[in-house]
Amino acid sequence: MKEMPFNRIYIIPLVLLSLLTSCKKEFSADNYVAYFGGEVANPTKPYVLFCKNNIVIDTLFLKKDNTFFKKFDSLTPGLYTFKNEPEYQYVYFDKNDSIKVHIDSKEFDESIIFCGRGDQKNNFLMDMYLRNEKDKNNMFEVFDYKFNKFNDYINNINTANKKFYTAKKAEIKWSNDFDIYANGIVNYPYYTKKEIYPIIHKMRTGEDVTNSLPKDYYFFRKDIDYTNLELTEFSPFVMYLDHMLNNVGSINYHNHFSDIDLALKTNINKLNIADTLIKNEKVRNIVLNNIALKYLLEDQNMVNNQEFLKVYHKYSTDNSKKNEIIKIGNAIQLLTVGKKLPEVQLIETNGTTISSNDIINQNTVFFFWSEKLNSHLVAVHKKVLELKKKYPNYNFIAINLDDNELQWKSALNKYHFGSIRELKCANFEDIRAKWAITKVHRTLIINADKTIKNGFTNMFDVHFEDELK
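The structure contained in this document is the topic of the report that follows. (Residues numbered from 1 in each chain as written. Predicted model: local features only at pLDDT ≥ 70, side-chain atom pairs only at ≥ 80, totals over all residues. Heavy atoms only, no water.)

1. Things to note about the overall build of the chain
A tally of helices and strands in the chain yields 13 helices and 15 strands. Dimensions along the principal axes, computed over C-alpha positions, put the chain at roughly 70 × 55 × 45 Å. Of the accessible surface of the chain, which amounts to about 22400 Å², a share of 51% is contributed by carbon and sulfur atoms. Taking the average place of the 63 positive charges on the side chains of the chain and the average place of its 59 negative ones, the gap between the two points comes to 1 Å. (Helix = DSSP H or I, 4+ residues; strand = E, 2+ residues; numbered from the N terminus. Areas by Shrake-Rupley, 256 points an atom, 1.4 Å probe, with all protein chains shown as cover. Lys, Arg positive; Asp, Glu negative; His and termini not counted. Charge placed at Lys NZ, Arg CZ, Asp CG, Glu CD.)

Next up, the structure:
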């Protein structure tokens with residue numbers, strides 16, 4: 001996502017303001033009538049999905065002028081999502097709120113502005129979301145810092161976010177129910193950075209800082225309510241749980257096992273802890289699914305995979321996700337070392353569609369990027385430019401995973417990465433199914449005969465270059 005100033009200026013269409021005025025007149029103190037509407041510039045779909053806990057409550061079709069409007073005769077206060085697929089965002093409704101939103105699908109998150117009754121708290125959530133995204137983009141090199149420098153960096157950011165939160169809470173005077181999310185969108189990203197620091201720092205630098213962390217480093221864990229029903233689908237909370245389990249589930253006696261067996265035991269340990277710690281079925285299923293996806297994409301020992309899946313299926317009650325896990329498992333089997341890389345379609349910068357088979361004529365490294373992850377975009381290309389000089393026997397090919405072809409070309413024109421061959425996936429679902437791509441940090445190393453040397457590596461792993469020798 002592109003960096004945006006936090007003090008944003010927006011122009012709200014007059015038609016929306018008139019709708020807001022008419023809505024407010026109909027409110028009474030003894031009902032739960034609520035209104036939701038808005039305008040979608042450059043829509044990707046002719047409708048907006050209005051959802052609660054990932055279930056579609058209503059499909060709001062766009063009019064000719066790309067506006068939509070819905071009166072809910074009774075809407076339970078709480079957190080909802082709206083989607084103009086594939087993008088989505090949160091919206092919080094208190095009793096009798098009347099909320100309008102302006103969206104431009106080309107800059108989905110950065111374009112969102114709420115107006116009407118209930119707008120201030122929702123604009124706070126968006127401002128905090130954008131703060132967190134900007135911070136996330138700037139964190140790429142921060143995890144390499146020594147502990148004191150890292151700790152000072154994240155504490156300074158957290159202090160600024162807390163100050164912003166406290167000021168807005170006093171100004172808006174929002175409800176205690178909303179404060180669950182307002183407080184969470186400040187705290188959980190901060191906690192997540194603390195959880196992942198020792199893991200990423202070791203992966204990137206080779207230095208294990210686990211035993212040198214201050215004794216009170218993880219004290220914040222004691223204050224977290226792991227059973228809060230309201231946080232079931234709140235992504236900052238679910239993401240934090242995922243990373244926390246990576247830490248808590250780690251096995252310290254590493255020398256007793258091979259790397260493959262250690263990965264199996266660690267991830268089964270994480271499943272056991274999640275089942276014990278998280279009593280909320282929905283939250284538990286989400287966390288179990290995240291553990292399963294990550295494990296299956298990192299460990300390609302087929303015997304161990306089956307053992308892991310037995311434990312996963314014992315705990316998970318989410319049948320729809322179980323089917324997705326099975327699909328990922330099937331895709332992984334296609335990427336076993338020595339097998340031919342499955343064919344996918346790719347798009348060249350001139351618009352021509354080509355087969356992946358046609359571009360592998362020597363040892364090849366495929367790496368991935370998204371315009372939405374700016375810091376990774378720049379870092380991975382710089383890394384490749386260095387590697388190209390050291391390993392001229394390899395062909396390094398960049399694949400963009402975004403939907404928007406114009407934004408892809410715009411990013412290429414902005415950065416000018418020179419000699420790197422740039423392609424775009426023609427169909428993300430196809431490349432996801434055949435190459436098991438679920439995140440941009442994956443790297444594939446392919447032999448000149450189109451067989452797989454390593455389908456599950458990371459260019460920023462401290463041992464990556466050993467794979468190229």
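After presenting the structure, the write-up continues.
2. Digging into the sheet that holds strand β2 (residues 47-52)
Reading across the sheet, the four strands line up as β3-β2-β5-β6 and stay open at both edges, with antiparallel pairing between neighbours. One side of each edge strand has no neighbouring strand; the edge strands of this open sheet are β3 (55-61) and β6 (87-93). Sheet twist, expressed as the mean angle between neighbouring strand axes with direction ignored, is 25°. Bridge analysis of β2 against strand β5 (residues 78-84) gives three bridges, and the strand direction is antiparallel. By the bridge assignment for β5, L49 is matched with K83. (Pairing = 2+ DSSP bridges. Axes fitted to C-alpha atoms, helices over the stretch in contact; angles between N-to-C directions.)

3. Examining helix α6 (residues 235-248)
With 14 residues, α6 extends 20 Å between its outermost C-alpha atoms, agreeing within 8% with the 20 Å of an ideal straight helix rising 1.5 Å per residue. Across the 14 residues that make up α6, a large majority, eleven, are buried. Along α6, the residues classified as buried are P236, F237, V238, Y240, L241, D242, H243, M244, L245, N246 and N247. (Expected span 1.5 Å × (residues − 1). Buried < 20%, exposed > 50% of the residue type's maximum accessible area, 1.4 Å probe, protein only.)

4. Digging into the packing of aromatic side chains
Here the distance between the centres and the angle between the planes together describe a pair of aromatic rings. Applying the stated rule across the entire model yields 42 aromatic pairs. Centre to centre, the rings of W174 and F178 are 5.1 Å apart; their planes meet at 70°, and the pair counts as edge-to-face. Exposure class is identical for W174 and F178. Each is buried. Look at Y181 and F234: their rings are 5.2 Å apart centre to centre, the planes differ by 75°, and that puts the pair in the edge-to-face class. (Phe/Tyr/Trp six-rings, centres within 6.5 Å; stacked < 30°, edge-to-face > 60°.)

5. Regarding the pattern of salt bridges
Any two side chains of opposite charge can pair, given that their charged atoms come close. Under the counting rule described, the total for this entry stands at 18 salt bridges. Linking K193 and D135 is a salt bridge whose minimum nitrogen-to-oxygen distance equals 2.3 Å. Here D135 lies in helix α3 (residues 119-138) and K193 lies in helix α5 (residues 176-205), a separation of 58 residues in the sequence. Pair check on accessibility: K193 and D135 agree, each one buried. In this structure, a network of salt bridges that share partners links the residues D94, D97 and K121. (Salt bridge = Lys/Arg side-chain N within 4 Å of Asp/Glu carboxyl O.)

6. Let's talk about the pairing of strand β1 (residues 34-41)
Judged by how many residues are buried, β1 sits mostly within the fold: seven of eight residues are covered. Bridge count for β1 against strand β4 (residues 67-72) is six bridges, and the pairing is antiparallel. Of the residues in β4, the one forming a bridge with G37 is F69. By the bridge criterion, seven bridges tie β1 to strand β7 (residues 98-104) in an arrangement that is parallel. Its bridge partner lying in β7, G38 is registered against V101.

7. Some thoughts on the nonpolar core
F124, F308, F366, I399 and W435 are the most contacted members of the largest nonpolar core, which totals 86 residues. The leading source of residues in this core is α5, at ten residues. Ignoring anything within four residues of it in the chain, the contact list for I399 reads L346, F366, F367, F368, W369, L423, K424, C425, I431 and W435. With 25 residues, the next largest nonpolar core counts V378, L412, M459 and F464 among its residues. (Core = buried A, V, L, I, M, F, W, Y, C linked by side-chain atoms within 4.5 Å. Contact = heavy atoms within 4.5 Å.)

8. Describing unusual backbone geometry
As a rule of thumb, non-glycine residues mostly have phi less than zero, and peptide bonds are mostly trans rather than cis. E85 connects to P86 through a cis peptide bond whose omega is 10°. Mapped onto the elements, P86 comes out in the loop between β5 and β6. Phi is positive for N66, close to 65°, though the residue is something other than glycine. Checked against the element boundaries, N66 lands in the loop between β3 and β4.

9. Notes on the sheet that holds β4
The strands making up a sheet associate through backbone hydrogen bonding, with each pair oriented either parallel or antiparallel. The four strands lie next to each other as β4-β1-β7-β8, forming an open sheet whose pairing is mixed. The outermost strands of the open sheet, each flanked by one partner alone, are β4 and β8 (113-117). Pairwise comparison of adjacent strand axes, ignoring direction, gives a mean angle of 15° for this sheet. Running at roughly 160° to β8, α3 makes contact with β7 and β8 of the sheet.

10. Observations regarding the environment of N427
Position of N427 among the secondary structure elements: in the loop between β13 (421-425) and α13 (428-435). Assessed through its relative accessible area of 44%, N427 is described here as partly exposed. Through-space distance from the C-alpha of N427 to that of I185 is 33 Å; in sequence the pair is 242 residues apart. Only 3.0 Å separates the side chain of N427 from the backbone nitrogen of E429, close enough to count as a polar contact. Polar contacts involving the side chain of N427 include one to the main-chain amide nitrogen of D430, which spans 3.1 Å. (Polar contact = N/O pair within 3.5 Å; in protein donor to acceptor, adjacent residues only side chain to side chain.)

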